Structures are given as structure tokens and as C-alpha cells.
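Survey of secondary and tertiary structure
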Amino acid sequence: MKKVHLVLGSGGARGMAHIGVIEMLEEEGYEICEVIGCSMGAVVGGIYCAGFLKEYKQWLIGLSKSNVFSLFDFTFTTQGFVKGDRIFQKIQEFTGEQQIEQLKIPFTAVSTDILNKKEVYFASGNLFKALRASIAIPGVFTPVINEDSILVDGGVLNPLPLNLVDKRDDAIIVAVNLNGPVEHLPKQPAKEMESSSYWEWFPKFPVIGKKENLTQPKVLPKISLFDLVNTSYDFTQDRLTEMLIDHHSPDLLIELPRNSCNVFEFYRATEMIEAGKNAYRTAMTNKAK
């Protein structure tokens with residue numbers, strides 16, 4: 001049987017596409033012998049290695065917008081406004097407690113220690129503590145604080161952890177990048193666009209352009225504080241991902257367009273899982289050319 005080292009990148013709700021990729025690999029006869037994940041890639045990868053991906057998929061598919069919103073345990077602190085405990089408590093209802101070293105498939109989750117300025121790799125210990133640390137988007141989710149470390153999203157330093165693969169001679173490296181090139185998508189009606197975000201209550205500020213032979217300054221679309229911070233973070237991840245792919249070229253690179261789904265649109269599971277399958281098919285077709 002063909003073996004795969006699977007590297008799953010960060011990207012919020014786009015990470016549901018990882019499920020589609022895993023299903024396609026299994027359908028085509030690959031054995032996943034290792035999973036290394038960052039942020040949402042760690043969540044999907046860890047749950048898969050524990051043997052509960054089907055249950056997780058069914059739960060995601062059943063989520064509505066209101067369900068997703070109810071999972072956010074808001075806490076307006078100086079370190080973030082979502083605790084994230086409620087999400088993992090729900091997942092643990094069908095997975096139970098898990099220790100990484102006891103998982104069916106070797107697994108590593110990536111986080112970032114902002115106190116000691118280094119990457120942190122979880123290859124043992126409590127699975128859900130590792131996943132919680134790996135998804136802690138700075139300024140959004142509160143960090144995981146230990147005695148000697150403050151842990152946040154692994155994507156801060158390593159959004160696609162290809163460098164952690166200890167390649168076997170009989171296996172290939174498959175990487176899933178959720179921050180691929182932006183694609184042109186059909187424009188949504190205004191009302192649909194407005195209702196697609198839970199962050200409308202963030203203050204929005206007009207972006208004013210400089211006067212350039214105009215009698216009035218150009219007024220650009222308003223953006224929220226969340227959009228501003230999140231987009232800046234995305235740009236950094238894009239550059240880091242490009243560098244990682246250049247230096248650690250996988251045997252198969254599967255890419256999902258960055259604009260295919262917003263960070264918190266977890267109610268779009270069916271669509272994103274199918275997008276993952278389509279991205280896999282596209283990558284395989286391009287590789288065969």
C-alpha cells in the first residue's frame with residue numbers, strides 16, 4: 001500500500017477541506033503513516049489520528065450559523081475574546097480524552113511560544129491541550145498559558161509545517177495549503193454578504209485615500225478592526241507558506257484558494273469538504289501532466 005506523510009496547514013474554517021483530502025487519499029488506496037498539522041490542520045489531523053473523523057465530519061455538517069455562534073464562549077479580555085473551551089468540550093463528547101502518544105497514527109501539532117519566541121511541537125501529552133494551543137489566533141482566541149510559556153496559533157511561525165517531516169523511503173509527502181492563490185468567485189448579493197459574518201459589531205472605519213487631482217478624497221470600502229488584523233495576519237502567513245514550500249517541496253501540493261471560505265464560516269462544511277476533494281483531484285491531474 002502507498003504511504004503518505006500528510007501535512008495539513010492553517011486556515012480557519014477552510015480547514016474542513018482537509019477532511020475531503022483525507023477521504024480522497026483513503027479512497028485511492030493510500031495509507032497515511034503520519035500527520036503533522038497546524039491550527040485547523042492540527043484539529044482535523046488530530047481527530048483523524050484518534051479515529052473519530054467520521055463523527056467529527058457529521059457534527060460539522062449539522063452546524064448552522066446559529067450553532068457556530070453558540071460555540072463561541074466570548075470573554076472580553078486583553079488577550080483575546082474567545083476562550084475556545086466550549087468547542088473542544090463538544091468535540092470531546094464523541095472522542096473522549098486522548099493522549100497523542102496513544103493515537104492510531106503518529107501525530108504532531110504545531111504551536112508558537114510567544115514568550116520564548118519559538119515553535120512548540122506536541123507529539124505527546126493531552127491531545128486537546130495541543131489542539132487548543134495550535135488554534136489560538138492572536139487577539140482572537142485567548143492563549144494557552146503554562147508556567148514558562150504562552151502558546152498561540154502555530155501559523156504565527158509555521159503555517160505549513162513541512163520541515164517537521166522525517167521522510168520514510170517508502171512514503172511520499174502530501175501537503176495541503178489552505179492559503180492558495182485567490183480565485184474569482186461569483187459576487188454574493190449584498191444581504192447575503194452582510195449576514196455571512198459574525199463580526200459586524202466590530203467598529204468599522206472608512207479608509208480615506210489621498211487627494212490626487214480630485215476635488216473630494218476617494219472613500220474606499222469600510223473595514224472592521226477584525227478584518228484589518230486578520231488580513232494583515234493572512235499576508236504574513238502567505239509569505240511564510242511560500243518560503244516553506246520553496247525550501248521543503250512536497251511530492252504533492254494541494255491548494256485551496258484563500259477566498260473560498262472565511263475564517264469562522266464553519267456552517268459551510270459540506271461545501272468545504274467537497275472543495276477539498278476537488279482540490280485533490282486538480283493537484284493529481286496537474287501532477288500527471
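The preceding data block contains the structure.
The sections below set out a description of the structure shown in this document. Given the structure is predicted, the values throughout are model-derived calculations rather than measurements.

**Let's talk about the overall build of the protein chain**
Of the regular secondary structure elements, the protein chain holds nine helices and twelve strands. Per-residue burial over the protein chain gives 51% buried out of 289 residues. Partitioning the intrachain contacts of the protein chain with sequence separation of at least 6 by distance along the chain shows that 74% fall at a separation of at least 24.

**Let's talk about the pattern of salt bridges**
Scanning the model with the defined rule gives eleven salt bridges in all. We note a salt bridge from D238 to R258, for which the minimum N-O separation is 2.3 Å. A residue pair is termed long-range when its members are at least 10 positions apart, and D238 in helix α8 (residues 225–247) and R258 in the loop between β12 (252–257) and α9 (269–288) qualify at 20 residues. Of the two residues, D238 and R258, neither departs from the other in class, the shared state being buried. Several salt bridges converge on common partners, so that one network encompasses K3, E31, R168 and D170.

**Re the packing of aromatic side chains**
Applying the stated rule across the entire model yields five aromatic pairs. When the centroid spacing of 5.3 Å and the interplanar angle of 90 degrees are considered together, the rings of F72 and F264 count as edge-to-face. Remark: F264 occurs in the loop between β12 and α9 and F72 occurs in the loop between α4 (65–70) and β3 (74–77); sequence separation between them is 192 residues. Ring centres of F141 and F264 lie 6.3 Å apart, and the angle between their planes is 45 degrees; this geometry places the pair in the tilted category. Taken as a pair, F141 in the loop between α6 (127–134) and β7 (144–145) and F264 in the loop between β12 and α9 lie far apart in primary sequence, 123 residues in all. Looking at F141, the relative accessible area reads 5%, which means it is buried. For F264, a relative accessible area of 5% corresponds to the buried category. Aromatic rings pair up to connect Y56, W59 and F94 into one cluster.

Thresholds, definitions, all that
Residues numbered from 1 in each chain as written. Predicted model: local features only at pLDDT ≥ 70, side-chain atom pairs only at ≥ 80, totals over all residues. Heavy atoms only, no water. Helix = DSSP H or I, 4+ residues; strand = E, 2+ residues; numbered from the N terminus. Buried < 20%, exposed > 50% of the residue type's maximum accessible area, 1.4 Å probe, protein only. Contact = heavy atoms within 4.5 Å. Salt bridge = Lys/Arg side-chain N within 4 Å of Asp/Glu carboxyl O. Phe/Tyr/Trp six-rings, centres within 6.5 Å; stacked < 30°, edge-to-face > 60°.

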